[in-house]
Amino acid sequence: MPKSPWPKRAVLLLCCLLLAIVATLALPLPLYQPVVNEPARLQALEQRGRDHFDKILSGRDLQRPFPIMAERRENPTSPAKVALGRLLYFDPILSGDNNISCAHCHHPDLGFSDNRRRSMGKGGVGLGPDRQGGAVLRRNSPTVWNAAFNHLQFWDGRAKDLEDQAGKPITDANEMAQDPEQLVEELRGIDGYVQLFAEVFGDAAEPITFDHVTFAVAAFERTLVSQNSAFDRYAAGERSALNGAERRGLNIFRSLETRCFECHNLPTFNNPDFKVIGLPDVLGLDEPDVGRAEIEGGDAYQRAFKVPTLRNVALTAPYMHNGIFETLDDVIAFYADGGGPGRGIDAPNIDDKIRPFHLDGQQRKDLIAFLHALTDESAKPSIPEAVPSGLPVVASLPNRSPEMDAFEPPLVELRQVSVRRQGHELHVGPGERIQDAIDAANPGDVVVVEPGVYHETLTLDLSGITLRGVVRGDQRPFLDGQGRLTDGIIGSGSDLLLEGFGVRHYTANGIMINLGQNITFRDLVLDDTGLYGLYPVEVVGVLIEKCSVTGTRDAGIYVGQSKDIVVRDNVAFGNVTGIEIENSLNAVVENNHVYDNAGGILVFGLPNNPSKLSRNCKVVGNRIIDNNHLNFGDPTAVVSSVPSGTGILILAGDDVEVTGNEIRGNNSFGIGIASLQMLLGGEAASFDLDPYPDNCWVHGNTLVDNGLAPDALVTEAGFPGADLLWDLTGEGNNWRQPGASSLPMTLPDKNWSALRRIANYRMWKLLAGLMG
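Keep in mind that what you see is a predicted model, and the values were worked out from it rather than measured.

What should I look at first to understand the overall build of the chain in this one?
Across its full length, the chain carries 18 helices and 34 strands. Its C-alpha atoms give the chain a radius of gyration of 29 Å, within 12% of the compact-globule value 28 Å for 772 residues. C-alpha atoms of the chain, sized along the principal axes, occupy 90 × 75 × 50 Å. Buried positions account for 58% of the 772 residues belonging to the chain. Considering only residue pairs separated by 6 or more positions, the chain has 62% of its internal contacts joining residues 24 or more positions apart. About 29700 Å² of surface is accessible on the chain, with carbon and sulfur atoms providing 52% of the total. The chain carries 68 positive and 99 negative side-chain charges, and their two centres are separated by 4 Å.

Explain the packing of helix H3 (residues 79-89) against helix H8 (residues 210-221) here, please?
Angle between the axes and distance between the axes are the two parameters that describe a pair of packed helices. Relative orientation of the contacting elements H3 and H8 amounts to 100°, with a least axis distance of 7 Å. As summarised for this structure, H3 and H8 are arranged roughly perpendicular, according to the angle between their axes. Packed against H3, whose contacting residues are Lys81, Val82, Leu84, Gly85, Arg86, Leu88 and Tyr89, the element H8 presents Val213, Phe215, Ala216, Val217, Ala219, Phe220 and Glu221 at the interface. Looking at side-chain class alone, the contact of H3 with H8 contains 10 nonpolar, 1 polar and 3 charged residues.

Would you mind showing me how to read the sheet that holds strand S25 (residues 623-625) here?
Across a sheet, strands are paired by hydrogen bonds formed along the backbone, either parallel or antiparallel in direction. Spatially, S6-S9-S12-S14-S16-S19-S22-S25-S28-S31 is the arrangement adopted by the 10 strands of the open sheet, whose pairing is parallel. In this open sheet, the two edge strands, each paired with only one partner strand, are strand S6 (452-454) and strand S31 (702-704). This sheet shows a mean twist of 10° between the axes of neighbouring strands, independent of strand direction. Bridge analysis of strand S12 (residues 502-504) against strand S14 (residues 525-527) gives 3 bridges, and the strand direction is parallel. Looking at the pairing, Gly502 lines up with Val525 of S14.

Is there a simple way to explain the side chain of Thr529 in this structure?
Along the chain, Thr529 turns up in the loop between S14 and strand S15 (532-545). On the basis of relative accessible area, Thr529 is assigned to the buried category, the value being 0%. A polar side-chain atom of Thr529 sits 2.8 Å from the main-chain carbonyl oxygen of Tyr532. Those residues within four positions of Thr529 in sequence are excluded, and the remaining contacts are Val503, Arg504, Tyr506, Thr507, Ala508, Asn509, Gly510 and Thr552.

Just checking my understanding: could you explain the state of the cysteines for this structure?
Here is the idea: a disulfide is a covalent bond, and it sits between the sulfur atoms of two cysteines. Following the criterion strictly, the structure yields 0 disulfides and no others. Cys263 forms no disulfide, and the closest cysteine sulfur to it belongs to Cys260, at a distance of 9.0 Å. Take Cys263: its relative accessible area is 12%, and that puts it in the buried class. Not engaged in a disulfide, the cysteine Cys696 finds its nearest cysteine sulfur in Cys617; these two sulfurs lie 9.6 Å apart. On the basis of relative accessibility, which here comes to 1%, the residue Cys696 falls in the buried class.

For this particular structure, what's the right way to read the packing of helix H10 (residues 244-253) against helix H13 (residues 361-372)?
One way to put it is that H10 packs onto H13 with a least axis distance of 7 Å and a crossing angle of 95°. Classified by the angle between their axes, H10 and H13 sit roughly perpendicular to one another. Counted together, Ala245, Glu246, Arg248, Gly249, Leu250, Ile252 and Phe253 of H10 and Gln362, Gln363, Asp366, Leu367, Ala369, Phe370 and Leu371 of H13 form the full contact between these two elements.

What am I meant to see in the nonpolar core here?
A general feature of soluble globular proteins is that nonpolar side chains tend to end up buried together. One finds Ile434 and Phe521 to be the most contacted residues of the largest nonpolar core, which totals 67 residues. Excluding anything up to four places from it in sequence, Ile434 contacts Val428, Val447, Val449, Tyr454, Glu456, Leu458, Leu467, Leu479 and Phe501. Listed in part, the 49 residues of the second largest apolar core include Leu310, Phe325, Leu359 and Leu515.

The rules behind each value
Residues numbered from 1 in each chain as written. Predicted model: local features only at pLDDT ≥ 70, side-chain atom pairs only at ≥ 80, totals over all residues. Heavy atoms only, no water. Helix = DSSP H or I, 4+ residues; strand = E, 2+ residues; numbered from the N terminus. Rg over C-alpha atoms; globule rule 2.2 N^0.38 Å. Buried < 20%, exposed > 50% of the residue type's maximum accessible area, 1.4 Å probe, protein only. Contact = heavy atoms within 4.5 Å. Areas by Shrake-Rupley, 256 points an atom, 1.4 Å probe, with all protein chains shown as cover. Lys, Arg positive; Asp, Glu negative; His and termini not counted. Charge placed at Lys NZ, Arg CZ, Asp CG, Glu CD. Axes fitted to C-alpha atoms, helices over the stretch in contact; angles between N-to-C directions. Parallel < 35°, antiparallel > 145°, perpendicular 65-115°, else oblique. Nonpolar A, V, L, I, M, F, W, Y, C, P; charged D, E, K, R; others polar. Pairing = 2+ DSSP bridges. Polar contact = N/O pair within 3.5 Å; in protein donor to acceptor, adjacent residues only side chain to side chain. Disulfide = S-S within 2.5 Å. Core = buried A, V, L, I, M, F, W, Y, C linked by side-chain atoms within 4.5 Å.

Shown next, in the form of structure tokens:
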């Protein structure tokens, strides 16, 4: 935690009070912590947050709608324009020496890449890995498949769209090295192009222009869409489209063990953000490649690169912006080591989702099998036999991806399946597989599981079913991962009810549902389930009730990037944190018993998540007692910065009401309200969401014996313990807690006048500054 500006000896308040009062009237300080994010940027982030929830509602489960393909108003697509763009794409006339086409670096048979570590431009001879004798570029050639859905183009995002992107390699001295005016002159001398441009751009004063070349190429590239892979058919409900290994690989992909899905989002399997993963530099470059920081973002984006799509990834090796890894197994090994830091590379700004993990040999094979199941070349265009310039076009090639050579297709798994159905109920007993019943279920069915121990990871990629464990006294069905399996239940679905199960001894998650609507978790008992116990993420409509969670290395109950949430009547103890609501809208956390965690209840807005909003959470009627457990979270994770002894912590959350809670015996503080900088450091403008807590309302809580033995994280930041802590950031925050200890010692109330608020803020701000 960064050092707090608070005074350590309250007596200094008296010494500075007169000066503070004078400053109240004289100094041009703002009313509250100034929001350094410009309004337009905040509005854009707000819209991205709302778009996130609209996306959840617009699709069903795994079958997510592709984003609307961006298209310039002045460049509408037409069949004739696409046909012209195809010819230009394959025509070497676009290069200065008339010997390089777009297809030399983005060949359709090579995954619209070139299967080279780093591409070769001007002066090169040949295709793909055999190309030689030319200028070696500093980066790997990214695929053009689904490039139309990219938020920005190139590894560093320097082009805003396909039109912008198309022109840059044509004119780059090391790539195609063409002069735009010379290209236009050449095209105007070719009758075939004169006719084609006239058909497409005949309404323009000059049909053949450099802009029109890029318009046509971009129109062609927008047709290169891959969306009919085995995975897509599985997501559409064809359950046999993925074999056993591929389904297990899908579960690993979206597990919190690997966290692949958090950056490679459905359905595009990419991400609009730029991430730092700590890749080593390659030899032969004059200067290190710092990626996005060359364009914008400063230190926060040093060595950050675009998150590429994983569609057709098997065809496009070698991998990463510098082609440093030959196979997917190499890539997985790098991430399993914890990215660059795990291999001794200093990466202070590494993405917080890059953490070490362990997969055994079979799990790695399963994950790779799933990544191969993202292959779809059904929209691959044919290479034209000839182009209007008469120059030679690239030849068809076998794919030269090293990954295709290394891949061993999984064996077909054959076994006898028997399911006991009684009407709409499918019954499972000890010795039988729950997954078989789930695979046989239809919407409206109930899978009924008898008490016993089941060593499975359940895949729940369907909607409208109930998964019910039969509870008889203290007996219930237990999913047991034996400390080896990653997740108890994992899937995507809507209108689901999960109740009556025990889940224990998994390495990543107890139960995770990602993408869906109307999910209920009821009467579940979770123990030692890895990072999280219950983990609904990107869900609209969440109800978690009467569950018990203990022994998780992050949050016992976590709800993230979700909307319309109720968490009630649960018990969370012995976790790093009990309950966490993160980057979500409209949550009620009520009547829960949260004790003996390091932190009790967290309401967070954190950066680098799909949702950019954390708003409208009500924390009411909970018992938050003695949350003084040692924080045993991953030291590289944000949760490791939560001080032991935390009752409730609101971090960059807006419109949070905390009322009617019993908050007792939490050694560091009862209720804390703070900005992202207090926990994460950094500058406010570097975050991709508003870092300040606004319009929080704390009132009517019972606060007893909090802050009596604060954690070192608190004292080293300059804070004493207290019932209430505030770091002076945010606007419109109010407290009404008579008799509670607090820092600052006077906190605004809703009935305060504007003048009193100004005086109070300026006084404490001045004192904080004087004390350093």
